[in-house]
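Below are the chains, spelled out letter by letter.
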Amino acid sequence: SQSKTGEARTITGDTHEALRQQMNEKMEQAESKEIYDKRKVIAEPAIGQIKNTGFRGFSVRGKDKVAGEFSLVCSVHNIKKNCQGSDQGISASARRKISCNNGNMSQKGEKKCQ
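Note that the structure is predicted; figures quoted are calculated from it, not measured.

Summing up its helical and strand segments, the chain has five helices and zero strands in all. Of the regular secondary structure in the chain, the N- to C-terminal order runs α-α-α-α-α. For the chain, restricting intrachain contacts to residue pairs at least 6 apart in sequence, the fraction spanning at least 24 positions comes to 24%. Roughly 10,100 Å² of accessible area belongs to the chain as shown, and the carbon and sulfur atoms make up 52% of that amount.

Another point: the side chain of H77. Mapped onto the elements of the fold, H77 is located in helix α4 (residues 63-87). Given the relative accessible area of 12%, H77 is considered buried. In this view, H77 contacts A46, Q49 and I50; residues no more than four positions away in its chain are not counted.

Enumeration according to the criterion identifies three salt bridges in this entry. The residue E17 makes a salt bridge to R20 at a minimum N-O spacing of 3.2 Å. Placement of the pair is E17 and R20 together in helix α1 (residues 17-27), with a separation of three residues, close to one helical turn. In this structure, E28 engages K33 in a salt bridge whose closest nitrogen and oxygen atoms are separated by 3.8 Å. Since its relative accessible area comes to 57%, E28 is described here as exposed. For K33, a relative accessible area of 42% gives the class partly exposed. Here the salt bridges share partners, and the residues they tie into one network are D14, E17 and R20.

Before going further, it helps to examine the environment of I47. Along the polypeptide, I47 turns up in helix α3 (residues 44-52). When the C-alpha atoms of I47 and H77 are compared, they prove to be 9.7 Å apart, with 30 residues separating the residues in sequence.

Scoring rules and cut-offs
- Residues numbered from 1 in each chain as written.
- Predicted model: local features only at pLDDT ≥ 70, side-chain atom pairs only at ≥ 80, totals over all residues.
- Heavy atoms only, no water.
- Helix = DSSP H or I, 4+ residues; strand = E, 2+ residues; numbered from the N terminus.
- Contact = heavy atoms within 4.5 Å.
- Areas by Shrake-Rupley, 256 points an atom, 1.4 Å probe, with all protein chains shown as cover.
- Buried < 20%, exposed > 50% of the residue type's maximum accessible area, 1.4 Å probe, protein only.
- Salt bridge = Lys/Arg side-chain N within 4 Å of Asp/Glu carboxyl O.

Below you can see the structure in the form of structure tokens.
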């Protein structure tokens, strides 16, 4: 279609468009999809759960202080999970096994969950 001035429309990308296309091609490969699927059972759910409890940003500045605050946030998250498990009569190690088995991990132990 034509622009308001009557000239042909052009679509332009930024300087990183070639990199985005390379990454899209890389992510279409079977090996990349397998690696990306593993992220679902590693760290992604925990980070999402932490964000859902209201943590959206750090209240301190500097790498050391941020690392300390993040350690505290993670510790609280782990304590909450342990308390929830003990309320239900499930130990943390048993819950970890269950979550690994539900997260596409092999029943025969081909992939280990840590």
